Each structure stands twice: as structure tokens, then as C-alpha cells.
Amino acid sequence: MTPFELVEPASLGEALALLDPDDPAVRPIGGGTALMLMMKAGFFEPRRLVSLRGLGPGITGINEGADGALDIGAMVRLGQLERSPVIRRAAPVIAETLVTHSNVRVRNVATIGGNLAHGDPHMDLPPVLIALGAEVVAASPSGERRIAVENLVESYLETALGGDELITSLHIPSQRNRRAAYIKVTARSADDWPALGVAVSLAVENRAIRAPRIAIGAATETAMRLPKAEAALTGGASWRDTGREAAAEAPVIGDHHGSAAYKRVLVGVTVERALRRALAGVEIAG
Amino acid sequence: MTAPSRTIAFTLNGRPVTAEVAPHHTLIEVLRDGFGLYGARESCGQGLCGCCTVLLDGRGVSSCLYLAVFADGAELVTVEHLAAGGELDPVQEAFIEAGAFQCGFCTPGFVLMTKQLLDEHPDPSDDQIRHYLSGNLCRCGTYPQIVEAVKLAARKRGSV
């Protein structure tokens, strides 16, 4: 790796002041697992990395509100999320997803904020968090704003975050009365980067599906919702027809995990399976 | 540019140490080049193979993907420490008795991940064993013996 400056500020204000909106070679660093890969490959040569390790408990905690909403600090390690009793109760799909997310060692180090800020489309958590309606809280010198996870990543490795802005926490609205599932399809081992990830989240009221959210990742340029498939499902379409709608709608692209034609077939089948898993044991009218 | 080096202090295999490191140095570089500890090896360099595993505050990390400065204040254990008292660790004994290696290149990583596994799940299921070790690769293919070794190690630790 090429040499760089590493600074370890002790407060958020200090950290923001050390970022440089005009220099893309100045970036925040959480656990560093993804950045290290890019730096070792020579793809990213930082001038300065701003470590968020010293920012204190505000950025390392998992808190559940009285209504069941979750606030997760950006520096929470993926392994911490996976093991958290709060997460396992309030949003179990996150813990289930993490089991095949890279490996135990990477999850011991990688952070949720870094995972999202990285903007890599081949990640398991973005479609899951989109399906759960999650938002990131981002801070910059001009203040704080919330960005829905579905709007965070704009294109390949490009996010909506400004050059002097960083993710401080993740907010997940209450999932009470909602059910969710994530299905990951890999071309090699189970813990490989996904060829496709499909997440669904929905409520069931009076034996009818309400407010479904269907999100995919790894097969499109960014993780995204599939609104036509969601509308079809709300309108009473079968799980299979909802999958067909999803496959027709998704702007699928190919990569070395699979061709676009192959992934499009996967989308249809996997959406159907994800719905079946989320609704296991639930009776639906019609 | 040249980045200034800094002094980090951490506990290495039970004793307090300091090291002069530059920000771009990885933990494995410091362990091998600074401390002569060669049990952790950089093999894939991408956190996939597990050969560079060390325990940091009791949990496995890929030292090839870990900035050395982030080890400041941590407690680090490498495979060299396991038999520090002159006796093999039960996990090491179990790997020998089960014949859970051939060339041995990956073995330190498997042994250390097994330590984290058994610390968190003293009586692991087959699924838990495969889960914790899924990020460690053995090119000799001794996986069946490794799974047996982990079960044997769990029994050895349970009876201590």
C-alpha cells in the first residue's frame, strides 16, 4: 500500500473538520476491511484516512426505542449485530443475513457504516435494509440529514454522501407486525459475494398482504426496490406472478457471478422463494 | 509522501510491547517483520483464506486486512502463544491426534479460529464448526479431520 496520513479524532466535529469535500483521497475509515482491499489492489490511494474509532459510545451502540425502532451506531461491527439479542428479536432477518456474509473474521472487524458507505452493489445488507425501510443518519459541517438506504447508493461505488459527510448511525423503523426474509444466491461457496440477493418485508392483516417491500441487490447497478412487483403483490398476484413481474422490471446486469439472462431467471425464482419464506405458516386469503 | 510513524502499545502474547508503525503498515507486517512471529502467514491477502488469523481481544481477525495502528491498546494472541507454558493447547493436541493437517500452512489460522469458536460455543454443532471455519481454506483438503479435531478439542477442553 502507498503511504498515507491516518488521523484519529476524538469527536464528530473534529472528524468532519478533517474531511475534505474537494479531495476524494481523503476518506473516513471504520473497520477498514473493504478499504484495505481497494488500497492493496492499488485501486484507492488515500492521502488521509480519518479513523472513526475514537468517536465514542454515540457511534458504537445498538439502541431499541420504546416503539421497537432501532438506532445502530455506524461503528457497530457486523459480528456485534449478528450476536445482538436486540437485533435477533427486533429484526432477526439482519442476523440471519450476516451468517453467510463474508466470514467470522471479517465480521469481527467490518462496521455497518463502512459497509453502507462503501457503495458496493455486491453486498447482502443493502437490499435487506431497504426492505426494512431503514435510513442512515449522515453528518456534515452543515448539519445532519437522513437518507433512505434505497437512495444512499447512486451508482457503482458512488453514494449520495458529500465529501465532508459521514454516516453516524442507521435507523430502522419498528418491524413489529412485519415479517421479512432474505435469500442470497451465490455462484460458488455459500459465503461468497452474492450473484443475487432478494429481500422482502411485509405485513399481513386480515389474511391479506399489506405494504410489501421487495428489494434486490447484486444483480443491478445498485440495490433497489421493485415497485411494480410490490404493486402486483398488493393487488393479489400470486408469489410466482410477483416474481415474474420482478424479473421483468429489474434492470439486471451481468457480471462474473452470472450473465444478465441467468440473473433475470434467478430474480423471478428467488422473489417467489423469499415470499414463501417470509410467509411460512401464514394463511393468506385467495 | 512519507507518513510519520507512530508508537503503538499493545499486549502481544501476554507481554506489553511497543512498535513503531507507519499508518499503511498492516498488522501481519508488524508481527512478522517487527516481532519475528511467523505463525500467521499472508496467503490470499484478501481476508478469504484465514492463514493470517490472529486473535485480537479474543476474536479472530485477518491480520493482512487490519491496520497495525488499530491494534494500539489491544490484546493480541498469535499461534506462538498457545504452547507458551511448554504444553500444547488442547486445540493443538486435538489437531495432531485427529491428523487435521498435511502441509500445515493453514493450521495456525484454523487453530485460532477454533479457539474463538470454543470460547463462544464450548460444545459446537457441526453447523457451528463449519460456520466458524468457513473463512479458512485448507488446500490439502483435510476438512473432515479438522471437523473431527474441533470436536475432540471441545471434549478435551470440557474435561479439563
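Residues numbered from 1 in each chain as written. Chains lettered and ligands numbered in written order. Predicted model: local features only at pLDDT ≥ 70, side-chain atom pairs only at ≥ 80, totals over all residues. Heavy atoms only, no water.

Points about the packing of helix α11 (residues 239–249) of chain A against helix α12 (residues 260–278) of chain A
Residue and element names in this part refer to chain A.
And step 1. Packing of α11 against α12 brings their axes to within 7 Å, and their N-to-C directions diverge by 145°. In this structure, α11 crosses over α12, and the sense of that crossing is right-handed. Contacts from Trp239, Arg240, Thr242, Gly243, Ala246, Ala247 and Ala248 of α11 reach α12 at Arg264, Val267, Gly268, Val271, Glu272, Leu275 and Arg276.
And step 2. In terms of residue class, the contact of α11 with α12 is made up of seven nonpolar, three polar and four charged. (Axes fitted to C-alpha atoms, helices over the stretch in contact; angles between N-to-C directions. Helix = DSSP H or I, 4+ residues; strand = E, 2+ residues; numbered from the N terminus. Left-handed = near helix turned anticlockwise from the far one by under 90°. Contact = heavy atoms within 4.5 Å. Nonpolar A, V, L, I, M, F, W, Y, C, P; charged D, E, K, R; others polar.)

Some words on the nonpolar core
And step 1. Counting residues in each nonpolar core, the largest one holds 50 residues, and the members touching the most others are A:Ile94, A:Ile112, A:Leu129 and A:Leu170.
And step 2. Sorting elements by how many residues they give to this core places helix α8 (residues 125–131) of chain A first, with five residues.
And step 3. Not counting chain neighbours up to four residues away, the residues in contact with A:Ile94 comprise A:Leu81, A:Ile87, A:Leu125, A:Val128, A:Leu129, A:Leu132 and A:Ile172.
And step 4. Core analysis: the next-biggest nonpolar cluster, separate from the first, contains 36 residues, A:Val109, B:Leu12, B:Leu37 and B:Cys64 among them. (Core = buried A, V, L, I, M, F, W, Y, C linked by side-chain atoms within 4.5 Å. Buried < 20%, exposed > 50% of the residue type's maximum accessible area, 1.4 Å probe, protein only.)

Structural notes on the packing of aromatic side chains
Residue and element names in this part refer to chain B.
And step 1. Scanning the entire structure with this criterion turns up three aromatic pairs over all chains.
And step 2. Relative to Phe35, the ring of Phe10 has its centre 5.9 Å away and its plane inclined at 75°; by these criteria the two rings are edge-to-face. With Phe10 in strand β1 (residues 6–12) and Phe35 in helix α1 (residues 27–35), this residue pair connects regions lying 25 residues apart in the sequence.
And step 3. Here Phe10 falls in the buried class, since its relative accessible area comes to 4%.
And step 4. The partly exposed category is assigned to Phe35, whose relative accessible area is 22%.
And step 5. Here Tyr66 and Phe70 contribute two aromatic rings whose centre-to-centre distance is 6.3 Å and whose plane-to-plane angle is 80°, an arrangement assigned as edge-to-face.
And step 6. In this arrangement the basic side chain of Arg41 is found over the ring face of Phe105, its NZ or CZ atom lying 5.0 Å from the centre. (Phe/Tyr/Trp six-rings, centres within 6.5 Å; stacked < 30°, edge-to-face > 60°. Lys NZ or Arg CZ within 6 Å of the ring centre and 35° of its normal.)

Let's talk about the interface of chain A and chain B
And step 1. Across the boundary between the two partners, chain A contributes 29 residues, which contact 33 residues of chain B.
And step 2. Counting every contact that joins chain A to chain B gives two salt bridges.
And step 3. Our count for the chain A to chain B interface comes out at 16 residue pairs in polar contact (both at pLDDT 80 or more).
And step 4. Contributing elements (two or more residues each) for the side of chain A that touches chain B: β1 (5–7), α2 (33–40), α3 (78–83) and α6 (104–109) of chain A.
And step 5. In terms of residue count, α6(A) provides more of the side of chain A that touches chain B than any other element does, six residues in total.
And step 6. Here the side of chain A that touches chain B is built from residues that sort into 11 nonpolar, eight polar and 10 charged. (Salt bridge = Lys/Arg side-chain N within 4 Å of Asp/Glu carboxyl O. Polar contact = N/O pair within 3.5 Å; in protein donor to acceptor, adjacent residues only side chain to side chain.)

Regarding the pattern of salt bridges
And step 1. If you walk through the whole model with that rule in mind, you get 29 salt bridges over all chains.
And step 2. Note that B:Asp126 is salt-bridged to B:Arg130, the shortest N-O span being 3.6 Å. On the criterion of helical spacing, the pair formed by B:Asp126 and B:Arg130 is a turn pair, its members being four residues apart in helix α4 (residues 126–133).
And step 3. Taken together, the salt bridges that share partners define one network made up of A:Glu150, A:Arg213, A:Arg225 and A:Glu230.

Digging into the domain arrangement of chain B
All names here are of chain B.
And step 1. Taken domain by domain, chain B holds domain 1 (6–81) and domain 2 (90–159).
And step 2. Spacing between the C-alpha centres of domain 1 and domain 2 amounts to 21 Å.
And step 3. With 16 residues of domain 1 at the interface, the matching set in domain 2 holds 14 residues.
And step 4. The junction of domain 1 with domain 2 conceals about 1,200 Å² of combined surface from both sides, 60% of it contributed by carbon and sulfur atoms.
And step 5. A salt bridge links Arg59 to Glu120; its shortest N-O distance comes to 2.8 Å.
And step 6. One can count six residue pairs in polar contact (both at pLDDT 80 or more) joining domain 1 with domain 2.
And step 7. For the side of domain 1 that touches domain 2, the secondary structure elements donating two or more residues are β3 (53–56) and β4 (59–62).
And step 8. In terms of residues, the side of domain 1 that touches domain 2 owes the most to one element, β3, which gives three residues.
And step 9. Of the residues in the side of domain 1 that touches domain 2, the class split is seven nonpolar, seven polar and two charged. (Domains from an automatic or database assignment. Buried area = accessible area lost by both parts, 1.4 Å probe.)

Some words on the pairing of strand β10 (residues 166–172) of chain A
Within a regular strand, side chains alternate between the sheet's two faces.
Residue and element names in this part refer to chain A.
And step 1. When you tally the buried positions in β10, you get seven out of seven residues, the bulk of the element.
And step 2. Looking at chain direction, strand β5 (residues 70–73) and β10 are connected through four bridges and run antiparallel. For Gly73, the partnering residue across the bridge sits in β10 and is Ser169.
And step 3. Sheet topology note: the strand β6 (residues 135–140)/β10 ladder contains five bridges and is antiparallel. Residue pairing in the sheet places Ala139 in a bridge with Leu166 of β10. (Pairing = 2+ DSSP bridges.)

What to know about α12(A)
And step 1. Its 19 residues give α12(A) an end-to-end C-alpha distance of 26 Å, which sits within 8% of 27 Å, the value for a rise of 1.5 Å per residue.
And step 2. The inward-facing, buried residues of α12(A) contact β11 (178–185), β12 (196–205), β13 (208–217), α10 (227–234) and α11 of chain A. (Expected span 1.5 Å × (residues − 1).)

With respect to the side chain of A:Ser201
And step 1. By the secondary structure assignment, A:Ser201 is in strand β12.
And step 2. Those residues within four positions of A:Ser201 in sequence are excluded, and the remaining contacts are A:Ala131, A:Gln175, A:Arg178, A:Arg179, A:Ala180, A:Ala211, A:Pro212 and A:Arg213.

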